[in-house]
Amino acid sequence: MSGSGWSPGTASRRLAALHDRLGPEGGPRGVYTSVFAESARTDAERAQNADGPLAGALVSVKGLYDVAGEITHAGTRFLEEGPPAGADAPAVARLRAAGAVLTGHTAMSELAYSGLGLNDHHGTADNPAWPGRIPGGSTSGGAASVAAGLADVAIGSDTGGSLRIPAAFCGLTGFKPTQSSVPRDGTVPLSDSLDSLGPMARDVEGCAATWRVMAGRDAPETAPAPLRLRVARNFGFDDLAPEIAEGFEALLGRLRDLGCEIDETPLPLLNDAAAIPPWHLTAVECRAHHETAFRERAETFDPRVHARMARADEVSAVAYRRTLNSRAGFARAFSDALAGQTLLLPTVAILPPTPEQLEADEAFNRLNLLALRNTTLGNIADGCSIALPYRRHGTLLSAMLIAGRDADERLLATASGLEPALRAISAGS
């Protein structure tokens, strides 16, 4: 059995137990939108004799990935009327080849266009780790599937935090890799510039193993490196919920006690991030992919998603190109400025809200932007980033690491080194 808790020899039994839990309705509303009953059984039978790194792992699939024989809905109404996918997306095919058992498509924000995870079409899952609150998004059903024990791993996408925000809200580890590391063919895009594909799991090991399969990489033979972290308080520390601010300071104290090197020098470059509007990229690029539906089937959209897409009309061709140029320059400078260090900051500024707190559009928009603020930095920087859970006085919190482009293995090694401190502070709170 792997360190993350799955075994090829138990795949069929665990899958049968999962299907018993889900029942004919597919389980709790807002988690699975469809269950891959037949193909999952085939996967489980194949896993009995598999020796891949994910042999026997139950993996849920965000609804924007193509899975052969299934309709790729991407959280919409207009796409769920389309034909089933003719083949697995490359990342999905690699998971099957590595022995994973694909359990079903999960619910998500429509077109992955929010960090809170609400979806009126398929429902919004309750947060298994924090009942009565939202799970975060856009990979909302995926996070709920792992947090509720309905999957070992969830694969999703991250355009501005859509793996890390739900991981933070649901007490999971969520990994946004360097964009180019995992092929995005066979997925429904939100933003060609910002989308990354990656996993959520209960620990770093589960995320690392899944990402390496999705990226077609072998595990490196590297020794653990000393923890060298950068805490640049000129970004990401405003407007923190009191519990998050206090918990983060307690974490820093614990890390220092363990001998971690923490550099608290401000990073002036981060001040430039606010001048790069990611909504230019998401609005224009989303419209480019879905313009016909946007114009002709407006009534099928979540009004909040349609309104965000409509903002593309505010962006001229020159403004869009300038945003692309600024972002490319920032990404290069970000990797250079860190020079082997890894940023540490709170994953999100807020605790998960209740659905009632999001009923008014003004509140929804404000909290959505605040939830996305810290995580979006990793996407703008074209870097890699991971959210790591811990507790302080019983409150579920999350710390985030961000590194530059192609520093994924170093980031994962740093995250593994950080996990014992996070467990210690959780146990002591």
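How each quantity is defined
- Position numbers for residues count from 1 along each chain, tracking the sequence in the order it is written.
- Local features in a predicted model are, by the rule used here, given only for residues with pLDDT of at least 70; side-chain atom pairs are given and counted only at 80 or more, and totals for whole chains, interfaces and linings are based on all residues.
- Excluding hydrogens and water, the side-chain values take into account all heavy atoms of the structure.
- Each helix is a run of DSSP H or I of at least 4 residues and each strand a run of E of at least 2, with the numbering of both proceeding from the N terminus.
- With C-alpha atoms as the basis for the radius of gyration, the globule rule is written as 2.2 Å multiplied by the number of residues raised to the power 0.38.
- Under the scheme applied here, a residue whose accessible area is under 20% of the maximum for its type counts as buried, over 50% as exposed, and between as partly exposed, the area being computed with a 1.4 Å probe on protein chains only.
- Any two residues whose heavy atoms approach within 4.5 Å at even a single point are treated as in contact.
- Any two strands with at least two DSSP-identified bridges between them are counted as paired.
- Geometry is summarised by axes, namely lines fitted to C-alpha atoms with helices restricted to the contacting stretch, and by angles between N-to-C directions that run from 0 to 180 degrees.
- Two N or O atoms form a polar contact when they lie within 3.5 Å of each other; inside protein one atom must be a possible hydrogen donor and the other a possible acceptor, and for residues adjacent in sequence the pair counts only when both atoms belong to side chains.
- The criterion for an aromatic pair is that two Phe, Tyr or Trp rings (for Trp, the six-membered ring) have centres within 6.5 Å, with stacked assigned to planes under 30 degrees apart, edge-to-face to planes over 60 apart and tilted to the rest.
- Counting as a charge over the ring demands two things of the Lys NZ or Arg CZ atom: a distance within 6 Å of the ring centre and an angle within 35 degrees of the ring normal.
- Only protein atoms enter the 1 Å grid, on which a cavity is a set of points fitting a 1.4 Å probe that cannot get out and a pocket is an open set with protein on both sides within 12 Å along at least 5 of 7 lines, lining residues being those with an atom within 4 Å of a point.
- Grid points are joined across faces, edges and corners, and a volume is the space filled by probe spheres set on the points.
- The residue classification treats Ala, Val, Leu, Ile, Met, Phe, Trp, Tyr, Cys and Pro as nonpolar and Asp, Glu, Lys and Arg as charged. All others, Gly included, are polar.
- By definition, any crossing whose near helix is turned counterclockwise from its far helix by less than a right angle is left-handed, and any crossing with a clockwise turn is right-handed.
- Cysteine sulfur atoms are paired as a disulfide whenever they fall within 2.5 Å.

Some details on the overall build of the protein chain
In terms of helices and strands, the protein chain carries twelve helices and eleven strands. A compact globule built from 429 residues would reach a C-alpha radius of gyration of about 22 Å, and the protein chain, at 20 Å, matches this within 12%. Each principal axis of the C-alpha distribution contributes one length, and for the protein chain these read about 55 × 50 × 40 Å. Scored against the burial criterion, the 429 residues of the protein chain give a buried share of 59%. A separation of at least 24 residues holds for 78% of the contacts in the protein chain among residues at least 6 apart in sequence.

Details of the sheet that holds strand S11 (residues 395–403)
The strand order S1-S3-S2-S4-S6-S5-S10-S11-S9-S7-S8 describes an open sheet built from eleven strands, whose pairing is mixed. The outermost strands of the open sheet, each flanked by one partner alone, are strand S1 (32–35) and strand S8 (261–263). For this sheet, the mean angle separating the axes of adjacent strands, direction not counted, is 30°. Across the sheet, helix H12 (residues 408–428) touches strand S5 (173–176), strand S7 (228–230), strand S9 (342–346), strand S10 (384–392) and S11, and the angle it forms with S10 is around 5°.

With respect to the environment of alanine 89
By the element assignment, alanine 89 lies in the loop between strand S2 (58–62) and helix H3 (90–97). The class of alanine 89 is buried, set by a relative accessible area of 1%. Distance from alanine 89 to glycine 26, taken between C-alpha atoms, is 23 Å for residues 63 residues apart in sequence. Apart from the residues lying within four places of it in its own chain, the contact partners of alanine 89 are Asp66, Asp185 and Gly186.

Brief notes about unusual backbone geometry
Omega for the peptide link from glycine 137 to serine 138 comes to 10°, which places this bond in the cis form. Note on placement: serine 138 falls in the loop between strand S3 (101–106) and helix H4 (140–147). One non-glycine residue, alanine 74, lies in the positive phi region at around 55°. Structurally, the position occupied by alanine 74 is in the loop between S2 and H3.

Quick word on the side chain of threonine 178
Its location among the elements puts threonine 178 in the loop between S5 and strand S6 (196–201). Among the polar contacts listed, one links the side chain of threonine 178 to the side chain of aspartate 408, at a separation of 2.7 Å. Non-local contacts of threonine 178, meaning those with residues more than four positions away in its chain, are made with Ser196, Asp382, Gly383, Cys384, Gly404, Arg405, Asp406, Ala407 and Asp408.

Comments concerning the packing of aromatic side chains
Counted under the stated rule, the structure contains four aromatic pairs. On the numbers, 5.3 Å between centres and 70° between planes, the contact of phenylalanine 237 with phenylalanine 248 is edge-to-face. In this pair, phenylalanine 237 sits in the loop between S7 and helix H7 (242–257) while phenylalanine 248 sits in helix H7, placing the two residues eleven residues apart along the sequence. What makes phenylalanine 248 buried here is its relative accessible area of 1%. Lying across the ring of phenylalanine 237, arginine 233 places its NZ or CZ 5.2 Å from the centre. Across the ring face of phenylalanine 294, the terminal group of arginine 287 is positioned such that the distance to the ring centre comes to 4.0 Å.

Overview of the layout of surface pockets
The volume enclosed by the largest pocket comes to roughly 850 Å³. For the lining of the largest pocket, the elements supplying multiple residues, two or more each, are helix H8 (278–296), helix H9 (303–310) and helix H11 (361–380). When residues of the lining of the largest pocket are assigned to their parent elements, the largest contribution, nine residues, is made by H11. Of the residues in the lining of the largest pocket, the class split is 18 nonpolar, ten polar and five charged.

Observations regarding empty space enclosed by the protein
Counting across every chain of the model gives three cavities of 30 Å³ or more. The space that makes up the largest cavity amounts to roughly 70 Å³. Taken together, Ser109, Glu110, Tyr113, Ser114, Leu118, Asn119, Asp120, His121, Asp302, Val305, Arg308 and Phe364 make up the full set of residues lining the largest cavity. Residue composition of the lining of the largest cavity, grouped by class: four nonpolar, four polar and four charged. Its volume calculated, the second largest cavity comes out at about 60 Å³. Trp130, Ala168, Phe169, Ile244, Val348, Ile350, Leu351, Pro352, Leu396, Leu397 and Ser398 are the residues that line the second largest cavity. Where the lining of the second largest cavity is concerned, the elements lending two or more residues are helix H5 (164–170) and S11. Sort the elements by how many residues they give to the lining of the second largest cavity and S11 lands first, with three residues. Classifying every residue of the lining of the second largest cavity by side-chain character gives ten nonpolar, one polar and no charged.

So, the packing of H3 against helix H6 (residues 204–215)
Look at H3 against H6: their axes get within 8 Å of each other, and the N-to-C directions meet at 120°. For the element pair H3 and H6, the recorded crossing hand is right-handed. On H6, the residues that touch Ala91, Arg94 and Leu95 of H3 are Thr210, Val213, Met214 and Ala215. Of the residues belonging to the contact of H3 with H6, the class tally is five nonpolar, one polar and one charged.

Observations concerning the state of the cysteines
A full pass over the atoms with the stated rule returns zero disulfides. There is no disulfide at cysteine 207, and the cysteine sulfur nearest it, in cysteine 384, is 13 Å away. Residue class for cysteine 207 comes out buried when judged on its relative accessible area of 0%. Of all cysteine sulfurs in the structure, the one in cysteine 384 sits closest to cysteine 260, which takes part in no disulfide; the separation is 17 Å.

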